[in-house]
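Coordinates in review
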Amino acid sequence: MQPELSALGQPTAFVDRYDASLLFPLPRAPKRAEIGLASGVPFLGADLWTAFELSWLNRRGKPQVAIAHITVPCETPNLVESKSFKLYLGSFSNTVFATADEVRDRIRADISEAAWRGAAVSGSVGVRLVLPEAFGEESVRELDGLSLDRLDIECTRYTPAPDLLRAARDEQPVEEVLTSNLLKSNCLVTGQPDWGSVQIRYSGPQIDQEGLLQYLVSFRNHQEFHEQCVERIYMDIWRQCRPTRLAVFARYTRRGGLDINPFRASHPVALPSNVRMARQ
């Protein structure tokens with residue numbers, strides 16, 4: 001399936017009865033091939049989704065609401081186009097489900113099928129529902145690390161420029177966690193802005209911080225989906241700076257009641273908590 005064939009940028013009717021066919025999976029392979037990953041990926045990770053607009057009817061017709069946290073492993077052959085995900089969740093709104101567990105299981109089955117469609121083997125995504133009685137436990141937290149945004153730099157390039165990335169390979173290796181709130185890219189189909197924050201955790205030759213911030217800013221006019229941007233950032237740092245370990249985590253502001261937060265790492269590590277930031 002091609003992104004241009006999705007509902008993105010198209011007038012769409014609101015479907016209020018459950019319809020899994022609204023989901024639009026997009027193969028990850030073509031965009032990975034663009035960054036030299038035609039024969040597999042050298043990273044682990046997942047895409048952490050948060051859905052804030054989930055509602056259905058109970059057996060007595062009373063509306064129910066919840067927040068959904070969805071974890072899609074990066075080894076799935078497909079990502080799910082976000083507008084189709086929103087439309088799919090909207091189709092729950094006038095549909096009767098006996099319990100919240102039934103809703104959770106239905107979402108897990110449908111997203112798993114879409115994400116693994118076409119694969120020789122299948123797997124499962126993770127789904128957790130937060131019900132209203134637990135809404136007060138949903139916290140807000142900023143990314144840990146040293147902010148690159150403190151640097152007073154000149155920025156002149158606004159398409160990805162990996163040549164800006166430099167590392168001190170002739171010095172002692174370091175371990176650092178660096179962050180920025182200045183990540184911006186644009187939707188691959190509509191060109192609408194996507195605003196994000198990024199955390200880079202690495203071990204190895206010290207990365208030049210000014211060059212790294214200029215590199216992150218260089219995504220400002222770039223058109224790709226969130227997941228694709230994060231994989232491009234990961235691979236550029238991996239190739240240009242040659243760390244021994246690397247993890248890249250981006251949190252994007254929500255659109256259509258959804259936020260998408262991709263995480264990629266060079267080594268087995270626990271996924272970061274899916275805790276929203278103030279801008280989300």
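Quick summary incoming for the structure in this document. In this text, all values refer to a predicted model and were calculated from it rather than measured experimentally.

Another aspect to go through is the layout of surface pockets. Size it by volume and the largest pocket reaches roughly 450 Å³. Taken together, 23 residues form the lining of the largest pocket, with Gln199, Arg201, Phe249, Phe263 and Pro272 sitting closest to its centre. Taken together, the elements giving at least two residues each to the lining of the largest pocket come down to β8 (174-186), β9 (193-204) and β11 (245-252). Among the residues forming the lining of the largest pocket, the class breakdown is eleven nonpolar, four polar and eight charged.

Below, the discussion takes up the pattern of salt bridges. Applying the stated criterion across every chain yields a total of 17 salt bridges. Between Arg104 and Asp105 there is a salt bridge, with the nearest N and O atoms lying 3.1 Å from each other. Among the ionic pairs, Glu224 bridges to Arg232, the shortest N-O distance being 2.9 Å. Judged on exposure class, the residue Glu224 and its partner Arg232 are both buried.

Next up on the list: the pairing of strand β2 (residues 44-57). A large share of β2 lies buried, amounting to ten of its 14 residues. Examined bridge by bridge, β2 and strand β3 (residues 63-73) share ten bridges and lie antiparallel to one another. Each residue of the ladder has a partner; that of Thr50, found in β3, is His69. In sequence, β2 turns back onto β3 through a hairpin of five residues, with Gly61 there showing a positive phi of about 85 degrees.

Counted by the stated rule, this structure contains two cavities of 30 Å³ or more. Considered as a void within the structure, the largest cavity measures approximately 80 Å³ in volume. Arg28, Lys31, Arg32, Ile35, Leu79, Glu224, Glu227, Gln228, Glu231 and Arg232 are the residues that line the largest cavity. Of all the elements in the fold, those that place two or more residues in the lining of the largest cavity are α1 (29-34) and α5 (226-241). If you tally residues by element for the lining of the largest cavity, the top one is α5, at four residues. Residue classes in the lining of the largest cavity are distributed as two nonpolar, one polar and seven charged. As a volume, the second largest cavity reaches approximately 40 Å³. Of the residues contributing to the lining of the second largest cavity, the split by class is one nonpolar, four polar and two charged.

What counts, and where the lines are drawn
- Residues numbered from 1 in each chain as written.
- Predicted model: local features only at pLDDT ≥ 70, side-chain atom pairs only at ≥ 80, totals over all residues.
- Heavy atoms only, no water.
- 1 Å grid on protein atoms, 1.4 Å probe; cavity = no way out; pocket = protein on both sides within 12 Å on 5 of 7 lines; lining within 4 Å.
- Points joined across faces, edges and corners; volume = space filled by probe spheres on them.
- Helix = DSSP H or I, 4+ residues; strand = E, 2+ residues; numbered from the N terminus.
- Nonpolar A, V, L, I, M, F, W, Y, C, P; charged D, E, K, R; others polar.
- Salt bridge = Lys/Arg side-chain N within 4 Å of Asp/Glu carboxyl O.
- Buried < 20%, exposed > 50% of the residue type's maximum accessible area, 1.4 Å probe, protein only.
- Pairing = 2+ DSSP bridges.

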